[in-house]
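Single-letter residue listing:
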Amino acid sequence: AEWEYSCRAGTSSAIYTGALRILGENNGPELDAISWYGGNSGVTHKGGYDSSGWSEKQYNHKTAGTHPVAGKLANAWGLHDMLGNVREWCEDNWHDNYYGAPENGTAWLGDDPRRILRGGCWYPDPGYCRTAYRFRCMPYYRLYYFGFRPVLDLP
């Protein structure tokens, strides 16, 4: 809940700048200004992922990968890379729906060992780069497009 609240920054749309159109497999033009995603995530550094076979990209690139933080526009609260670049680990355990979720915004812990990842990433499919998108995974699982965001609680 805290992650989605922070990502939305007071909005209620698919992405914090408004609606999201998907034009082909890897083309979400509204994401270009705010997010590194499959259609615009081309890189030239060593270790990039082979993206030459990805169809319908917004920009032509042969390799894709993560980018330095803050290369795209921040949301209204000044938070960068809330959508795209890397999926972000959250504290919450997986639940199939929001019935019974804490109403105070605290982490929703439970018996399911899988944890939530949010925000989509540079890897294909712009549909994952939405404020409401959730992905589940075991906490020991690691991929080159998973990350986390340290957060400091202020009094």
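These figures come from a predicted structure and were not determined experimentally.

> Hey, could you go over the pairing of strand β4 (residues 115-118) for me, with residue numbers and the actual values?
With 3 bridges connecting them, strand β3 (residues 87-93) and β4 associate as antiparallel partners. The partner of Trp89 across the bridge, within β4, is Leu117. With 4 bridges connecting them, β4 and strand β5 (residues 134-137) associate as antiparallel partners. Note on β5: the bridge partner recorded for Ile116 is Arg136.

> Which residues make up unusual backbone geometry, and what values do they have?
Most peptide bonds take the trans form, and the phi angle of most residues other than glycine is negative. At Ala9, a residue that is not glycine, the phi angle is positive and equals roughly 50 degrees. Its place among the elements puts Ala9 in the loop between α1 (2-8) and β1 (49-50). Look at Ala9 and you get buried, because its relative accessible area is 8%. Of note in the backbone geometry, Asp125 takes a positive phi value of approximately 95 degrees without being a glycine.

The rules behind the values
- Residues numbered from 1 in each chain as written.
- Predicted model: local features only at pLDDT ≥ 70, side-chain atom pairs only at ≥ 80, totals over all residues.
- Heavy atoms only, no water.
- Pairing = 2+ DSSP bridges.
- Helix = DSSP H or I, 4+ residues; strand = E, 2+ residues; numbered from the N terminus.
- Buried < 20%, exposed > 50% of the residue type's maximum accessible area, 1.4 Å probe, protein only.

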